[in-house]
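Topology and contacts: notes
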Amino acid sequence: MEKQAMYHQAYGKYAYPVGPDTLRVVLRTKKGDLQRVTVVYQDRYPGGPEYSKVMERSAQDEMFDYYQADLTLETARFAYMFWLDDGIEQIFMNEKGFFADPPENTEFQYPYIAPRDLWEPPAWSQGALVYQIFPERFANGDPNNDPADVEPWDALPTRESMKGGDLQGILEHLDHIVDLGVDVLYLTPIFVSPSNHKYNITDYYTVDPHFGDLDDCRALVEACHDKGIRVVFDAVFNHCGYEFFAFQDVLAHGRQSRYWDWFAIADTPITTDPPNYLTFARDIWTMPKLMTQNPEVREYLLGVAEYWIKECDIDGWRLDVANEVDHEFWREFRRRVKTLKPDALIVGEIWHEASEWVQGDQFDSVMNYPFRDAVCDWLGEDKIRAGTFAQRLAKVQMNHRQAVNLAMYNLFDSHDTARFLTLAGGDKAKLRLAAGLMLTYEGSPMVYYGDEVGMEGENDPDCRRGMIWDKRRQDRELLQWYQDLANLRRTRPVLRTGNCRTVMANGAANVFGFCRYDDQDQIVVLVNNSAHERQVPITDSFWPLGRPQSVRDLLTQDAWTDVIRLQPFSMAVVAERR
Ligand code: CA
């Protein structure tokens, strides 16, 4: 038995409440090491009965198995230990270590499920379908507010391009968004800024006049709400724009400016090439970094967060460069935002392992770039096979508690990456698989505007082309695929909020499969990323609620009894045939 590989902690992603009297515990062990893991548990105050439960192996990544079990005790006070069996040796594991005989005490303890610690991301955000819009490029609804010298809509964009997209354009194309089955609209920044991306903000309190005004903003949010769509704005609080009033004051008055401490400026005179002040990334002089340790800066930015909820009734914030702003700022941000709107969503932009930010005191969710990397490596560029892909997804899954996984913004491209279709060499079959996987997998799938009609583009700025609205140039078949998948998420809620288990990860065949299930429903998804037809037996192990007599594909209506036949580069979404 590999004791060195075993890990548990009685908090965080290894022990968290999933109900007022139910605790989920997770144990990590060496992959393939154990035959059976049992958790023995009781009230943490002695005298009550002792219970035991066999733990389920819920995931496997490259190195480890993960076992989990839900423990229910009326008192909501837990003491527990694990009993490990590898077929040869049986030992106990508790907080102090490993024991051949049942130890007297010093179990792991989860002292009490306090009601306020029962935290989850907002229910509406779990499994929600998100649509990301880059407003300058989505639709030009009002030519009168265009910037000077707009270029033709279909010209390939440069870093400086202006095309005239605006809020009115989004409003006019709301039907497209509704038809796609979108639950949440996420807009990249819309406040006054000289750039087309508007991540260098001049005035956080005003809609960029090229996009519209406060009334347009209110009208858009209201129209979305009427259609049952929530709206998330982009909060750029790590840095401001060069034209931001406080930075301009510093430029004008130097150290005498009352805003000097809002920034980290080495000396006067202030220079831009290279900048002698802290900026976003490396020396981007147009984006001076804001000092959130300064109480005035904090108050200013928190005021911005509150203002747009009050004025426009937005439903959440996506936080730009979230991991370069201090944790305490985000804790305060959360308190202020949630006080105003308890079910507001807070999503951080973090491209890497981000579990520290989604413990309940800061964010509800993060943009799931590790998911993107795995999907691009497997389906987009064939860098890995299905086995490795499954391990990479499992690793991400085990980094978070389940409710967070359901709210993660799963994506395979964005305004900051090449579009998936371009990455995949224009292979539409691959895009269909990536979309099919993302829209059935655990999480909150985020569709980047235009992917659904087959738009292409290399990395920024090429991935920010003008949306294709000419139906003859849209891939309508692809759009139908997205719509069918989104529709399925609505009719079968298990795809939104159900559990998610890998059921197949065959590297040689290059087929990945998973099951979404809850108490009532179960759906198996199989993805064949190979040029060969694959026949997958409908085995018992695919079906946590029991193997159905026969199954049908919910998208193609093909029916199967013993074996599912997967065409080259195709997928199946199957459930019991009723
Ligand atoms: Ca316009």
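Quick look at the structure, then. What you see is a predicted model, and the numbers here were worked out from it, not measured in a lab.

For any two helices packed against each other, one specifies the inter-axial angle together with the distance between the axes. Axis separation between helix α5 (residues 295–312) and helix α6 (residues 327–340) bottoms out at 10 Å; the angle between their running directions is 30 degrees. In terms of orientation, α5 lies roughly parallel with respect to α6. The chirality of how α5 crosses α6 is right-handed. Of α6, the residues touching α5 (which contributes R298, E299, L301, L302, G303, A305, E306, I309 and K310) are F329, E332, F333, R336, V337 and L340. Here the contact of α5 with α6 is built from residues that sort into eight nonpolar, one polar and six charged.

With distances of 2.3 to 2.6 Å, the protein atoms coordinating the calcium ion are N140 (OD1), D142 (O), N145 (OD1), D146 (OD), G164 (O) and D166 (OD). Metal-centred angles of 62 to 165 degrees between the six donor atoms at the calcium ion mark the site as irregular. All donor residues of the calcium ion come from one chain, and their arrangement in sequence is N-x1-D-x2-N-D-x17-G-x1-D. Within this pair, whereas N145 is found in the loop between β11 (130–133) and α1 (167–172), its partner D166 is found in the loop between β11 and α1, the two being separated by 21 residues in sequence. Across this residue pair, the class does not change: N145 and D166 are buried.

This next bit is on the sheet that holds strand β6 (residues 64–72). Strand order in the open sheet formed by four strands is β1-β2-β6-β5, with antiparallel pairing between adjacent strands. Looking at strand neighbours, the two that pair on one side only are β1 (15–19) and β5 (56–60), the edges of this open sheet. In this sheet, neighbouring strand axes are inclined to one another by 30 degrees on average, regardless of whether the strands run parallel or antiparallel. As judged from the nine bridges shared by strand β2 (residues 22–30) and β6, these two strands associate in the antiparallel manner. Residue pairing across strands places V25 opposite A69, the latter belonging to β6.

Counted under the stated rule, the structure contains 43 salt bridges. Salt-bridge contacts for D313 lead to K341; the nearest nitrogen and oxygen are separated by 2.7 Å. Of the two residues, D313 sits in the loop between α5 and β18 (316–319) while K341 sits in the loop between α6 and β19 (345–348), which places them 28 residues apart along the sequence. A residue is classified by how much of its surface remains accessible, and K341, at 12% relative accessible area, is buried. Salt-bridge contacts for K428 lead to D475; the nearest nitrogen and oxygen are separated by 2.9 Å. Placement of the pair is K428 in helix α11 (residues 428–440) and D475 in the loop between β22 (444–448) and α12 (476–491), with a sequence separation of 47 residues. Taken together, the salt bridges that share partners define one network made up of R159, D416, D460 and R464.

Our focus in this paragraph is the sheet that holds strand β20 (residues 365–368). Spatially, the eight strands close up into a barrel ordered β11-β12-β15-β18-β19-β20-β21-β22, and their pairing is parallel. The pairing of strand β12 (residues 184–187) with strand β15 (residues 230–235) spans three bridges and is classified as parallel. The residue bridging Y186 from the neighbouring strand is V232, located in β15.

A rise of 1.5 Å per residue sets the reference length of α12, with its 16 residues, at 22 Å; its end C-alpha atoms lie 22 Å apart and thus fit the reference within 8%. When α12 is considered as a whole, its buried residues turn out to be L478, L479, W481, Y482, Q483, L485, A486, L488 and R489. Looking at the buried side of α12, the elements it contacts are α2 (174–179), α11, β22, α13 (494–497) and β30 (570–576). Sitting at the amino-terminal end of α12 is D475, which places a side-chain oxygen 3.2 Å from the backbone nitrogen of E477.

Counted by the stated rule, this structure contains 48 aromatic pairs. Aromatic pair W351 and Y369: ring centres 3.7 Å apart, planes at 5 degrees, arrangement stacked. Of the two residues, W351 is situated in the loop between β19 and β20 and Y369 in helix α7 (residues 369–380); the sequence distance between them amounts to 18 residues. Residues Y448 and Y449 carry aromatic rings whose centres are separated by 4.8 Å and whose planes lie at 75 degrees to one another, so their mutual orientation is edge-to-face. Judged by its relative accessible area of 0%, Y448 is buried.

Conventions we followed
- Residues numbered from 1 in each chain as written.
- Predicted model: local features only at pLDDT ≥ 70, side-chain atom pairs only at ≥ 80, totals over all residues.
- Heavy atoms only, no water.
- Axes fitted to C-alpha atoms, helices over the stretch in contact; angles between N-to-C directions.
- Helix = DSSP H or I, 4+ residues; strand = E, 2+ residues; numbered from the N terminus.
- Parallel < 35°, antiparallel > 145°, perpendicular 65-115°, else oblique.
- Left-handed = near helix turned anticlockwise from the far one by under 90°.
- Contact = heavy atoms within 4.5 Å.
- Nonpolar A, V, L, I, M, F, W, Y, C, P; charged D, E, K, R; others polar.
- Donors = N, O, S within 2.8 Å, 3.2 Å for Na, K, Ca; no water.
- Tetrahedral: all angles 85-135°; square planar, octahedral: opposite > 155°, others 65-115°.
- Buried < 20%, exposed > 50% of the residue type's maximum accessible area, 1.4 Å probe, protein only.
- Pairing = 2+ DSSP bridges.
- Salt bridge = Lys/Arg side-chain N within 4 Å of Asp/Glu carboxyl O.
- Expected span 1.5 Å × (residues − 1).
- Polar contact = N/O pair within 3.5 Å; in protein donor to acceptor, adjacent residues only side chain to side chain.
- Phe/Tyr/Trp six-rings, centres within 6.5 Å; stacked < 30°, edge-to-face > 60°.

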